[in-house]
Amino acid sequence: MPLLLHTCITWLLTGLIWHVQLVRYPHFHQVQRDRFTDHHFGHCLRISLQVLPLLFAEALTAAWLLYLGEHRPLFIASLALMVLNWLSTALFQAPLHTRLLRGYNATLIRHLILTNWLRTLGWTTRAILVAWLIAS
């Protein structure tokens with residue numbers, strides 16, 4: 001049961017990051033420049049309200065699985081990807097979002113889209129690994 005719950009949460013985050021990567025971030029270029037700061041602030045607030053509970057649940061269920069003795073290599077590899085996703089957020093995406101709160105900047109948005117591929121591929125790989133654990 002905990003592995004299924006963890007997998008579902010990871011797949012929710014994977015779907016969300018793909019939406020952000022393919023829809024939300026590219027859309028930043030379409031926002032009227034005089035409305036960009038308000039639009040971006042709203043995006044950051046709303047996405048945080050969606051993502052933070054899921055990140056907490058993902059970490060909590062991962063800890064629960066470790067406590068229950070889940071130490072298979074695929075699971076440990078998925079945890080390393082989870083940490084890399086958080087590091088990517090802290091080192092790349094969060095600082096870019098902070099800078100974008102000052103206003104539209106096409107170069108920063110391109111960097112955001114480019115660096116977000118790290119999280120997109122990281123969560124996608126995590127989702128496959130934890131799904132594989134359920135299947136095996």
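Computed from a prediction, not measured in an experiment: that's the story for all the values here.

Novice: How should the overall build of the protein chain be read in this particular structure?
Specialist: For the protein chain, the helix and strand inventory stands at four helices and zero strands. Counting from the amino terminus, helix and strand elements in the protein chain follow one another as α-α-α-α. Structurally, the protein chain occupies a C-alpha span of about 55 × 25 × 20 Å along its principal axes. A fraction of 79% describes how many contacts in the protein chain between residues 6 or more apart in sequence connect residues 24 or more apart. On the protein chain, roughly 7700 Å² of surface is accessible, and the fraction owed to carbon and sulfur atoms is 73%. For the protein chain, the distance from the average position of its 10 positive side-chain charges to the average position of its 4 negative side-chain charges is 6 Å.

Novice: Sorry if this is basic, but what is going on with the layout of surface pockets here?
Specialist: Where empty space is left becomes clear once a probe the size of a water molecule has been rolled over the atoms. The calculated volume of the largest pocket comes to roughly 450 Å³. Ile 47, Ser 48, Val 51, Thr 89 and Arg 119 are the residues nearest the centre of the largest pocket, which is lined by 21 residues in total. Of all the secondary structure elements, the ones that give two or more residues to the lining of the largest pocket are helix H1 (2-27), helix H2 (36-67), helix H3 (73-100) and helix H4 (106-135). Residue composition of the lining of the largest pocket, grouped by class: 14 nonpolar, six polar and one charged.

Analysis parameters
- Residues numbered from 1 in each chain as written.
- Predicted model: local features only at pLDDT ≥ 70, side-chain atom pairs only at ≥ 80, totals over all residues.
- Heavy atoms only, no water.
- Helix = DSSP H or I, 4+ residues; strand = E, 2+ residues; numbered from the N terminus.
- Contact = heavy atoms within 4.5 Å.
- Areas by Shrake-Rupley, 256 points an atom, 1.4 Å probe, with all protein chains shown as cover.
- Lys, Arg positive; Asp, Glu negative; His and termini not counted.
- Charge placed at Lys NZ, Arg CZ, Asp CG, Glu CD.
- 1 Å grid on protein atoms, 1.4 Å probe; cavity = no way out; pocket = protein on both sides within 12 Å on 5 of 7 lines; lining within 4 Å.
- Points joined across faces, edges and corners; volume = space filled by probe spheres on them.
- Nonpolar A, V, L, I, M, F, W, Y, C, P; charged D, E, K, R; others polar.

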